[in-house]
Protein chains: 2
Amino acid sequence: MPEAASAAATRATIGDSEFDRDTAVTRRAPGVYDIDLSAGWTIINAVNGGYLLAVLGRALGDALPHPDPFTISAHYLTASRPGPAVVRTETVRTGRTLSTGQASLFQYDDEGNEVERIRVLASYGDLDALPDDVRTSARPPAIAPMDQCFGTEDGPAPVDGSSAITDRLMLRLDPATLGWALGRPSGRGEMRAWFGLADGRDADPLSMLLAVDALPPTAFELGLKGWVPTVELTAHVRCRPAPGPLRVSVTTRNLAGGFLEEDAEVWDSADRLVAQSRQLARVRLG
Amino acid sequence: MPEAASAAATRATIGDSEFDRDTAVTRRAPGVYDIDLSAGWTIINAVNGGYLLAVLGRALGDALPHPDPFTISAHYLTASRPGPAVVRTETVRTGRTLSTGQASLFQYDDEGNEVERIRVLASYGDLDALPDDVRTSARPPAIAPMDQCFGTEDGPAPVDGSSAITDRLMLRLDPATLGWALGRPSGRGEMRAWFGLADGRDADPLSMLLAVDALPPTAFELGLKGWVPTVELTAHVRCRPAPGPLRVSVTTRNLAGGFLEEDAEVWDSADRLVAQSRQLARVRLG
C-alpha cells in the first residue's frame, strides 16, 4: 500500500502525530530547548496560546523529574510568531510527589536578541501514581450529540483571515453556542464543543493544554468582535483522559473593566472531569 | 484619652492597620525586600497562604510600575514560619496597561542558607484606570445575613491548636456551611462567609489576596479532616472593593486522586464581583 494511503487509513497515535512533531523540543543544553514554532497552529496569523502552552509543558516534562503538568500558570508577554524559539527552564523544587519548574519561551528580534514571549510556573506530578478516589459533584456539560454539532467545514469561515489551526482540530461546536456565527449571539458567555485532533490522535495531558484555549472566544457569544488576548492562563490537569473525543465547555460570567475570565472544563469519554482552566483576557469593547 | 482606649474607639484604615504593618516590606536593594513574617497570621502554627500572598503582592506592587495585582499565581514550595524572610522580585515586562513581574519569598535554614518558600508570577495594572463597563451574569452568593452567621467566638474552637489569625479576622460563617463544626458535614464542597479585618480596616486588593484563602477548607464540609495544603493559587482582582464587609464563597466540585480545586469568589458591599481565585490543593483522604 502506498505510504500516503496507509497514513490516511491510520489514526495518528500519541507520540506519532503532527501535534507531537510540532511540540517536539530539542535539548541544546541542560534545561534549554530549541523548537521551530509551527505555522500550523495559528489563528489569524497569531500562534495559538494553547499550542504554546503545550510546547512549554513538554519542555518542563523533560526537565523535571515528574512527567505530567498538574497545574501550570502562563503569563503571555508578547505575541509569538511561527519560527525559531528557545525554551529556558529552571527546576525550582523537586519533591517526592510534586516538582515545580519555571520556563520561558523566547524568540529573536531583528538584531538576534532574545525577546520573552511567555513565562510559566508549573507543578508536575505523575497522574498514573494517583489513587482512584473520585468524589465529585461536577456534572458533564450540556452539549448536543456530536452529529448535531457544527464544524468549520459546515459553513463559511466565521472569522476572516488564515487560521491554519482549524485544519488540525476536530472541533464541533454546540449549536446552542453558535449564534455569533449567524450574527445572532446569545448574549450568554458560553462556548461548548467536542474537541479532538484532526488526525485522530487521542488526548493526553499536553493536548489538553491546547484544548483549554482552542474554542472561539466566549466574547463572540456576548456580541463582541475582535481580539481577546490572554493575559494569564492557569490549567489543572486532574486525570489522564480516556481515548475518544473530549467535551470542552468554556464559561464567562464577569466581563468588566475591559477584562473577562474564561473558565474551561474538559471532560473525557469516560465522563471524568480531566482538566480545568481559567484565563484572564482583555477585551476590546465594540 | 489613653492611647489604648483611643485605638479601640477608632477603626483602622487602609495604610494604618495591623495588616498593613504586618505586610510591610523594607527595600534592601532594588527589587529586594526584607520582612519579618508576623506570627499573627498563623493557623495551627502555619503561616496563612493568603497572608504570604499579600506580602509578595505588596513587594511586587512596589517593584512594578503598576500598583494593583490583576492576576497573581503562586506556587507554594515549602512551609513558611514566622520570622525573617526576603522577597526577591524581577520585572519581567513593562507595558502601558500591564506589567508582569516575578517574586520569590525565601527564609533561612539553620546554616543561614536561603530556602525558597513560594514563587509567584503576576501581571499588574491600575484598577482606577479601568472603564466602568460591567456586563456580568454572575450573581452574589446565597449567604445568610451577617447576624445569622457564626464567628469563632460563638463556639468551641473547631480546630485544635493555636490559630492567631482568627483574632485578626472578622469571619462569620454561613450556618449552611457550618455542619462540619457540629460533626455533621453537609457533603457539599461549599464554604461561605462574611469577611473583614477585625480592626475594621476596609478591603483593598491586597487584603483580598488574604480573603481568598482565609476560610476553613471546603474539604471539612466534604467530611474530611486534616490538612489541605495549597499547591498553587491564582487570584484575579477585578475591581477595587467598596467599603464594608466582603462576602466570600468557596466551592469545590472535583475531589479526585487526592487533589481538589477551591474556587473562591469575593463580592463587595456594592454587589460587585471584585475578585476570583482558584487553587489546587492536596487532601489527605481520611
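Residues numbered from 1 in each chain as written. Chains lettered and ligands numbered in written order. Predicted model: local features only at pLDDT ≥ 70, side-chain atom pairs only at ≥ 80, totals over all residues. Heavy atoms only, no water.

1. Digging into the overall build of chain A
Helix and strand content of chain A: 6 helices and 16 strands. Expected size for 286 residues packed as a compact globule is a radius of gyration near 19 Å; at 19 Å, chain A falls within 12% of this value. In terms of principal-axis extent, the alpha carbons of chain A reach across some 50 × 50 × 50 Å. Looking at chain A as a whole, 57% of its 286 residues are labelled buried. As displayed, chain A has an accessible area near 11,700 Å², and 50% of this comes from carbon and sulfur atoms. (Helix = DSSP H or I, 4+ residues; strand = E, 2+ residues; numbered from the N terminus. Rg over C-alpha atoms; globule rule 2.2 N^0.38 Å. Buried < 20%, exposed > 50% of the residue type's maximum accessible area, 1.4 Å probe, protein only. Areas by Shrake-Rupley, 256 points an atom, 1.4 Å probe, with all protein chains shown as cover.)

2. As for the UniProt feature "domain: Acyl-CoA thioesterase-like N-terminal HotDog" (unreviewed entry) in chain A
Under the local residue numbering, the UniProt record ascribes the feature "domain: Acyl-CoA thioesterase-like N-terminal HotDog" (unreviewed entry) to residues 38-123 of chain A. Helix makes up 17% of residues 38-123 of chain A and strand makes up 52%, while its end C-alpha atoms are separated by 26 Å. (UniProt positions renumbered as here; feature names shortened; annotations may be inferred.)

3. A short note on the pairing of strand S1 (residues 26-29) of chain A
All names here are of chain A. Relative to strand S2 (residues 32-37), S1 runs antiparallel, the two being bridged by 3 bridges. If you follow Thr26 over to S2, its bridge partner there is Asp34. Turn length for the S1-S2 hairpin, with the two strands adjacent in sequence and antiparallel, is 2 residues, and the turn residue Gly31 shows positive phi of about 80°. (Pairing = 2+ DSSP bridges.)

4. With respect to the relation of the copies chain B and chain A
Take chain B, turn it by 180°, move it 0.0 Å along the axis, and it overlays chain A with an RMSD of 0.0 Å. The superposition of one copy onto the other is thereby described by a two-fold rotation axis. (Least-squares fit on C-alpha atoms with pLDDT ≥ 70 in both.)

5. As for the packing of aromatic side chains
Residues and elements named next belong to chain A. A complete count under the given rule lists 8 aromatic pairs over all chains for this structure. Ring geometry for Trp41 versus Tyr51: centroids 5.7 Å apart, planes at 10°, classification stacked. Of this pair, Trp41 sits in the loop between S2 and strand S3 (42-43) while Tyr51 sits in helix H3 (residues 49-63), and the two are 10 residues apart along the sequence. Judged by centre distance (5.1 Å) and plane angle (50°), the ring pair of Trp180 and Phe220 falls under tilted. With Trp180 in the loop between strand S10 (169-173) and strand S11 (190-197) and Phe220 in helix H6 (residues 218-221), this residue pair connects regions lying 40 residues apart in the sequence. Accessibility expressed as a relative area gives 14% for Phe220, which makes it buried. (Phe/Tyr/Trp six-rings, centres within 6.5 Å; stacked < 30°, edge-to-face > 60°.)

6. Description of the interface of chain B and chain A
Listed per partner, the contact involves 56 residues of chain B and 56 residues of chain A. Here chain B packs against chain A, burying approximately 4,900 Å² in sum over the two surfaces, 51% of which is carbon and sulfur. Arg253 of chain A is the partner of Glu265 of chain B in a salt bridge, and the nearest nitrogen-oxygen pair spans 2.3 Å. Counting residues per element, the side of chain B that touches chain A draws most heavily on strand S16 (residues 273-282) of chain B, at 7 residues. Considered class by class, the residues forming the side of chain B that touches chain A number 21 nonpolar, 19 polar and 16 charged. Note that strand S14 (residues 254-256) of chain A and strand S9 (residues 134-136) of chain B share 3 bridges and pair antiparallel. What sits directly across from Asn254 of chain A, in S9 of chain B, is Thr136 of chain B. (Contact = heavy atoms within 4.5 Å. Buried area = accessible area lost by both parts, 1.4 Å probe. Salt bridge = Lys/Arg side-chain N within 4 Å of Asp/Glu carboxyl O. Nonpolar A, V, L, I, M, F, W, Y, C, P; charged D, E, K, R; others polar.)

7. Looking at the environment of Ser207 of chain B
All names here are of chain B. In this fold, Ser207 is placed in helix H5 (residues 205-211). Exposure remark for Ser207: the relative accessible area of 1% places this residue in the buried category. For the pair formed by Ser207 and Ile14, sequence separation is 193 residues and the distance between their alpha carbons is 9.5 Å. Apart from the residues within four sequence positions on either side, Ser207 is in contact with Phe19, Phe195, Leu197, Arg201 and Asp202.

8. As for the pairing of strand S15 (residues 259-267) of chain B
Residue and element names in this part refer to chain B. For S15, the tally of buried residues reaches 9 of 9 residues, placing the bulk of the element in the interior. Of the two faces of S15, both are covered, the one formed by Phe259, Glu261, Asp263, Glu265 and Trp267 as well as the one formed by Leu260, Glu262, Ala264 and Val266. Direction of pairing for strand S13 (residues 246-251) relative to S15: antiparallel, over a ladder of 5 bridges. For Ser249, the partnering residue across the bridge sits in S15 and is Glu265. Taking the residues between adjacent antiparallel strands as the criterion, strand S14 (residues 254-256) and S15 are bridged by 2 residues, where Gly257 takes a positive phi near 60°. Alignment of S15 against S16, held across 9 bridges, turns out to be antiparallel. Counted as the bridge partner of Ala264 is Ser277 from S16. Here S15 hands over to S16 after 5 residues, with Asp271 in that stretch at a positive phi of 65°.

9. Describing the domain arrangement of chain A
All names here are of chain A. Considered domain by domain, chain A is made up of domain 1 (3-127) and domain 2 (146-282). Placing the centre of domain 1 and that of domain 2 at their C-alpha centroids yields a distance of 20 Å. Taken together, the contact between domain 1 and domain 2 spans 35 residues of the former and 35 residues of the latter. Interface area lost by domain 1 to domain 2 is led by Phe19, Ile44 and Leu127, which between them contribute 19%. On inspection of domain 1 and its partner domain 2, the count reaches 4 salt bridges. For the salt bridge of Arg168 with Glu18, the shortest nitrogen-to-oxygen distance reads 2.9 Å. Scanning the region where domain 1 abuts domain 2 turns up 17 residue pairs in polar contact (both at pLDDT 80 or more). Mapped onto the side of domain 1 that touches domain 2, the elements with two or more residues apiece are helix H2 (18-23), S3, H3 and strand S5 (68-76). When residues of the side of domain 1 that touches domain 2 are assigned to their parent elements, the largest contribution, 9 residues, is made by S5. Counted by class, the side of domain 1 that touches domain 2 contains 17 nonpolar, 13 polar and 5 charged residues. (Domains from an automatic or database assignment. Polar contact = N/O pair within 3.5 Å; in protein donor to acceptor, adjacent residues only side chain to side chain.)

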